[in-house]
Amino acid sequence: AAAVSFDAIELPGVGHTLAVGSPASGTIQALQMFVWDDVAASFGARPAMVDTVCGASGANALRFFELEGEVYLLGATQGALSGVMQWNRVRRVFGRMLAITDAANLALRFEAVPDAEIDIHAECLWLDAGLPRDWEFMHVGQTPLMVASGTARGTLLVELDFDMVTGLR
C-alpha cells in the first residue's frame, strides 16, 4: 500500500525511528515502524514496535511528540478517531497510555515507575478529530497543544492536560 504519512524521531535506547502510515488493506499493516541500522546503512522493519491493542483500520497524519520526558505517537485512522500511543520503555512498544509518567512518579515517589507496575491501568486514548490531514504539537506558554487540520472539522485544537488522581491504591 502507498504511504500516506510518515514521521521520524530518535528514540532513547532504540535509535532513529521512522513511522510510516498507509490505508489498511487485507493483511497489510496500516502502521509500520522502521529503525536505522548503522551496519546496513538503511532502515529495517520493526513490526513489533506497535501494540495492536489500540490498533486502527488505517494510519495517516502521523506525528511523534515529546512531553515531560515521554514520547508519543499520534495517528489518525480512516474513521473519525485519532489514537495517541505512548512509548512503553519496558516493553519497547508504542501502545496504551500509561496511568502515570516517570516524571509524575518522580515528583510523587522520588523514583521512576517500577518496571513491574508500568502497565497497571494503561488505556487506549482516542480523540474524535474527524479526518485530520496533519497534526502539529506546540507549547503556548506552559500549555501543550495538538493542532489538527482536516476536512471534516477544519482546524481542531486539543489541550494535552491529563488529570491525575493521587493518594489512592
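Quick notes on the rules
Residues numbered from 1 in each chain as written. Predicted model: local features only at pLDDT ≥ 70, side-chain atom pairs only at ≥ 80, totals over all residues. Heavy atoms only, no water. Phe/Tyr/Trp six-rings, centres within 6.5 Å; stacked < 30°, edge-to-face > 60°. Buried < 20%, exposed > 50% of the residue type's maximum accessible area, 1.4 Å probe, protein only. Helix = DSSP H or I, 4+ residues; strand = E, 2+ residues; numbered from the N terminus. Contact = heavy atoms within 4.5 Å. Salt bridge = Lys/Arg side-chain N within 4 Å of Asp/Glu carboxyl O. pLDDT = per-residue confidence, 0-100. Core = buried A, V, L, I, M, F, W, Y, C linked by side-chain atoms within 4.5 Å. Pairing = 2+ DSSP bridges. Lys, Arg positive; Asp, Glu negative; His and termini not counted.

Trainee: How would you explain the packing of aromatic side chains if you had to name every residue and give the values?
Mentor: Tallying each qualifying case throughout the model produces 5 aromatic pairs. Judged by centre distance (5.1 Å) and plane angle (15°), the rings of F65 and Y72 are stacked. Its relative accessible area of 5% is what places F65 among the buried residues. Residue classification places Y72 among the buried positions, given a relative accessible area of 4%. Measuring from ring centre to ring centre gives 4.9 Å for F65 and F137, while their planes differ by 20°; the resulting arrangement is stacked. Separated by 72 residues along the polypeptide, F65 in strand β5 (residues 60-67) and F137 in strand β10 (residues 132-140) bring together distant segments of the chain.

Trainee: Could you give an account of the environment of Y72, with specific residues and numbers?
Mentor: The residue Y72 is located in strand β6 (residues 70-76) in this model. For the pair Y72 and Q86, spaced 14 residues apart in sequence, the C-alpha separation works out to 4.4 Å. Each residue touching Y72, except ones within four places of it in the same chain, is listed here: R63, F64, F65, L67, V84, M85, Q86, F94, M97 and T101.

Trainee: Describe the pattern of salt bridges, naming the residues involved and giving the relevant values.
Mentor: Under the definition given, this model contains 8 salt bridges. A salt bridge links R63 to D7; the nearest nitrogen and oxygen atoms lie 3.9 Å apart. Remark: D7 occurs in strand β1 (residues 5-11) and R63 occurs in strand β5; sequence separation between them is 56 residues. Of the two residues examined, R63 and D7, each falls in the buried class. The partner of R153 in a salt bridge is D128, and the shortest N-O contact between them spans 3.0 Å. Within this pair, whereas R153 is found in the loop between β11 (143-150) and β12 (155-159), its partner D128 is found in strand β9 (residues 125-128), the two being separated by 25 residues in sequence. Residues joined by salt bridges that share partners form a network here, namely D7, R63, D134 and E136.

Trainee: Could you give me a rundown of the confidence of the model for the chain, with the residues and numbers involved?
Mentor: When pLDDT is averaged along the chain, the result is 84; 86% of the residues meet or exceed 70. Confidence, expressed as mean pLDDT per element, reaches its minimum in the chain at β9 with 84 and its maximum at strand β4 (residues 42-45) with 95.

Trainee: Would you mind going over the nonpolar core in detail, with residue names and values included?
Mentor: Membership of the largest hydrophobic core comes to 18 residues, with the highest contact counts inside it found for L11, L31, M33, F64, L73 and F94. Where this core is concerned, the elements lending two or more residues are β1, β3 (31-37), β5, β6 and β7 (81-88). At 3 residues, β3 tops the list of elements feeding residues into this core. Discounting chain neighbours no more than four positions away, the residues touching F64 are D7, A8, I9, T17, A19, M33, V71, Y72, L73 and F94. One finds L67, V84, M97 and L127 within the second-largest nonpolar core, a separate group that totals 16 residues.

Trainee: Break down the pairing of β12 for me, with residues and values.
Mentor: As paired elements, β11 and β12 share 5 bridges and run antiparallel to each other. If you follow M146 over to β12, its bridge partner there is V158. Between the end of β11 and the start of β12, which pair antiparallel, lie 4 residues, with G154 showing a positive phi angle near 70°.

Trainee: For the side chain of E70, give the residues involved together with the corresponding values.
Mentor: With respect to the helices and strands, E70 occurs in strand β6. It is R89 that comes nearest to the buried, bridge-free E70 among opposite-charge side chains, at 6.1 Å. When sequence neighbours within four positions are dropped, the list of residues in contact with E70 reads F65, Q86, W87, T101 and D102.

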